[in-house]
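Structural overview for review
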Amino acid sequence: MSKDLAFASAAEIARAVRSGETTALAVVDHALMRIDGLNPRLNAFTTVVAERARARARALEAARSTGRPLGPLAGVPFAVKNLFDIAGLPTIAGSKINRAHPPAARDQPLIARLEAAGAVLVGALNMGEYAYDFTGENVHDGPSRNPHDLTRMTGGSSGGSGGAVAGGLVPLALGSDTNGSIRVPSSLCGIFGLKPTYGRLTRARSFPFVASLDHLGPFARSARDLALGYDAMQGEDAEDPVCAGRAVELTEPELARGHDGLRIAVAGGYFRKGAFPEALEALGRVAQALGARDEVDIPEAARARAAAYVIAATEGASLHLERLRHQAGDFDPAVRDRLIAGAMVPAALVVKAQKFRRWYRERVLELFKRYDAILAPATPCTAPKIGQQTFVLDGVEMPVRPNLGVYTQPISFIGLPVVAVPVPLSPLPIGVQVIAAPWREDIALRIAQALEQMGVAAAPRPEL
Amino acid sequence: MAEPADPLDDFITAAAAALDLPLQPEWRQAVKSNLVVTLNHAALVAEFALGDEAEPAPVFRA
């Protein structure tokens, strides 16, 4: 195993733990020490479950000593956005209000599935309040800080997930993505993130935001680690009515196939408008490496983004209506004001958005008859400064908070699987979306792996 | 001369009352700004012509 445990891959850690080259306890202790040392600067973790993690690591060692197989993620420390239920803790979802909730009785099922594969939960991660955020800032817990520049945003809402993985605190983290909350922090922090197909991974026992659009998924520093984590979490779950009854379709064994034979296009039109030069530079590098010369127009992408915006605002408002009535003063004011506005949107307009969603889905799926994957920027720019309120997109000054997701929203709107791949530009990295047809996470992951092997995609190591 | 009244202000007042939502005077401007943005997005969607037979994306199965 590489000498620097902090930036060892999950695959490397698991191999070393299984072989006895190191122990799960040594790995976990190292992660806890690193969290202790760096979290005051990164503000990625809101809770560390050190005792639980050590107990789990000792159990893995006991299993190994009796010859029991340890699983593909043996001893791999991981952490989850604080909207996942962790047994014994209230699920705060980045809010002040939920701190009064009773402790969760059980772990969210994806935590249980990762632990069944040998991984070890070490804590809960910072996030934008109730996931209505693209910045990673939080008025109650303070902002998640970007490991590449502590004065800059991680992106959000899964900000702590981005910071913890990019900063070498854990090799694997989980987050949620409703409109871009996995892909935006992956882009700004320079790591790999997978937003799977809508309905692929169970959302049971996670605090929701927008039932029509919510997804859960992993972050990692390599495509292989992303695939290993994702594979361990697949499978149906009757507790989430949206979770599809599909068999597990392993992706990690497929990675070696690379991108040979895949038809890859670049999204034009809407997905170039407003992009900063660095976003186009990253997209160009990825497209060139993959030999993707065709440009396709994703039809009505601006309207798709608008419809996703309307559905998010109104379903979010519906979710929080009682809290807005009785605890409005305890919200982040920026979240509260958006939710109150969302509650006032007439229902007739929301139904229009859901009807448009079906139309758009059918048109976009037609593109996947000609192409296996489509490339698009993940964010319009690299990480803005923490507290920055506006930026200029396509010559128009726009607020940062809702607009970091302009390129991610039209994709999650119809639940397509996406891997955000990091392109290590200097001084700051930026991501590119590799978008595949529904249920073809394997294709997006194969392309991500190929880009990594060609040296085009990589999670740059921050100086901390 | 006084500014002409914006009907959206009346709508916000009525909607807050109908929904039993507290609306502190200092929140009103931000709520209005957000509502304008959301309604503009909704208008962009609503002006797109879809047939009467168009079904919403979520389909309930009994």
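Residues numbered from 1 in each chain as written. Chains lettered and ligands numbered in written order. Predicted model: local features only at pLDDT ≥ 70, side-chain atom pairs only at ≥ 80, totals over all residues. Heavy atoms only, no water.

In this section: the overall build of chain A. In terms of regular secondary structure, chain A is built from 14 helices and 15 strands. Whereas a compact globule of 464 residues would reach a radius of gyration of roughly 23 Å, chain A reaches 20 Å, a difference of no more than 12%. Along the three orthogonal principal directions, the C-alpha set of chain A runs to about 60 × 55 × 45 Å. Taken over 464 residues, chain A has a buried fraction of 64%. Sequence-distant contacts, at least 24 apart, represent 77% of the contacts inside chain A between residues at least 6 apart. Put simply, chain A shows about 15300 Å² of open surface, and 51% of that area lies on carbon and sulfur atoms. One way to put it: in chain A the 51 positive side-chain charges average out to a point 2 Å from where the 47 negative ones average out. (Helix = DSSP H or I, 4+ residues; strand = E, 2+ residues; numbered from the N terminus. Rg over C-alpha atoms; globule rule 2.2 N^0.38 Å. Buried < 20%, exposed > 50% of the residue type's maximum accessible area, 1.4 Å probe, protein only. Contact = heavy atoms within 4.5 Å. Areas by Shrake-Rupley, 256 points an atom, 1.4 Å probe, with all protein chains shown as cover. Lys, Arg positive; Asp, Glu negative; His and termini not counted. Charge placed at Lys NZ, Arg CZ, Asp CG, Glu CD.)

Turning next to the confidence of the model for chain B. For chain B, per-residue confidence averages 94 on the pLDDT scale, and residues scoring 70 or more make up 97% of the total. The complex prediction reports pTM at 0.98, with the ipTM value standing at 0.95. (pLDDT = per-residue confidence, 0-100.)

Turning next to helix α2 (residues 24–42) of chain A. All names here are of chain A. At D36, α2 shows its largest bend, some 35 degrees, and a proline, P40, comes one to four positions later. Of the positions making up α2, those classed as buried are A24, V27, V28, A31, L32, R34, I35, L38, N39 and L42. In the segment just after α2, N43 is the residue with positive phi, at about 55 degrees. (Bend = angle between axes of the 7 residues up to and from the residue.)

Residues and elements named next belong to chain A. Along strand β6 (residues 172–177), six of the six residues are buried, which leaves the element largely enclosed by surrounding structure. Residue alternation in β6 divides its side chains into two sets, L172, L174 and S176 and A173, G175 and D177, and both sets are buried. The pairing of strand β2 (residues 77–81) with β6 spans three bridges and is classified as parallel. Its bridge partner lying in β6, F78 is registered against L172. (Pairing = 2+ DSSP bridges.)

A few words on helix α8 (residues 277–290) of chain A. Residues and elements named next belong to chain A. Here α8 spans 20 Å end to end across 14 residues, near enough to the 20 Å set by a 1.5 Å rise per residue. Residues of α8 that are buried include every one of A279, A282, L283, V286, A287 and L290, and no others. Down the axis of α8, the buried set is contained in an arc of 130 degrees. They therefore lie on one face. Counted as exposed and oriented over 90 degrees from the buried face of α8: P277 and Q288. G291 sits one or two residues past α8 and shows a positive phi near 65 degrees. (Expected span 1.5 Å × (residues − 1). Arc of directions from axis to C-beta.)

The next subject is the interface of chain A and chain B. A common measure of how large an interface is: the accessible area buried when the components associate. Taken together, the contact pairs 32 residues of chain A with 31 residues of chain B. For the pair chain A and chain B, the summed buried surface comes to about 2900 Å²; carbon and sulfur atoms form 75% of the total. The three residues of chain A that bury the most area against chain B are A:R303, A:M344 and A:R358, which together make up 23% of that side's buried surface. On inspection of chain A and its partner chain B, the count reaches one salt bridge. (Buried area = accessible area lost by both parts, 1.4 Å probe. Salt bridge = Lys/Arg side-chain N within 4 Å of Asp/Glu carboxyl O.)

Attention shifts here to the environment of A:A59. Among the structural elements, A:A59 can be located in helix α3 (residues 50–65). Placed 34 residues apart in sequence, A:A59 and A:L25 show a C-alpha to C-alpha distance of 9.4 Å.

With that out of the way, let us pick up the pattern of salt bridges. Residues and elements named next belong to chain A. For the structure shown, the criterion picks out 31 salt bridges over all chains. With its nearest N and O atoms 2.8 Å apart, the salt bridge here joins D107 to R52. Within this pair, whereas D107 is found in the loop between β2 and α4 (109–116), its partner R52 is found in helix α3, the two being separated by 55 residues in sequence. Judged by relative accessible area, R52 falls into the partly exposed class, the value being 25%. A salt bridge links E295 to R272; its shortest N-O distance comes to 3.3 Å. Of this pair, E295 sits in strand β10 (residues 295–296) while R272 sits in the loop between β9 (264–267) and α8, and the two are 23 residues apart along the sequence. Among the residues examined, R272 registers a relative accessible area of 33% and is labelled partly exposed. Through salt bridges that share partners, R200, R246, E249 and E441 make up one connected network.

Here the focus is the packing of α2(A) against α3(A). Residues and elements named next belong to chain A. Two numbers describe how α2 lies on α3: the axes approach to 8 Å, and their chain directions differ by 160 degrees. Taken together, the axis directions place α2 and α3 in an arrangement best described as roughly antiparallel. For the pair α2 and α3, the crossing hand works out as right-handed. Facing A24, L25, V28, D29 and L32 of α2, the residues of α3 in contact are A50, A53, R54, A57, R58, L60 and E61. Residues that form the contact of α2 with α3 fall into these classes: eight nonpolar, no polar and four charged. (Axes fitted to C-alpha atoms, helices over the stretch in contact; angles between N-to-C directions. Parallel < 35°, antiparallel > 145°, perpendicular 65-115°, else oblique. Left-handed = near helix turned anticlockwise from the far one by under 90°. Nonpolar A, V, L, I, M, F, W, Y, C, P; charged D, E, K, R; others polar.)

This part covers the sheet that holds β10(A). Ordered in space as β1-β3-β2-β6-β8-β7-β14-β15-β11-β9-β10 (chain A), the 11 strands form an open sheet in which the pairing is mixed. Both edges of this open sheet fall to β1 (45–48) and β10 of chain A, since each of them pairs with a single strand only.

Here the focus is unusual backbone geometry. All names here are of chain A. For the peptide bond that leads from G156 to S157, omega is 10 degrees, which places it in the cis range. Note that S157 resides in the loop between β5 (149–153) and α5 (159–166). For the peptide bond that leads from S426 to P427, omega is 5 degrees, which places it in the cis range. Tracing the backbone through its elements, the reader meets P427 in the loop between β14 (418–423) and β15 (430–436). Its identity is not glycine, yet W439 carries a phi of approximately 70 degrees, on the positive side. Judged by relative accessible area, which is 24%, W439 ranks as partly exposed.

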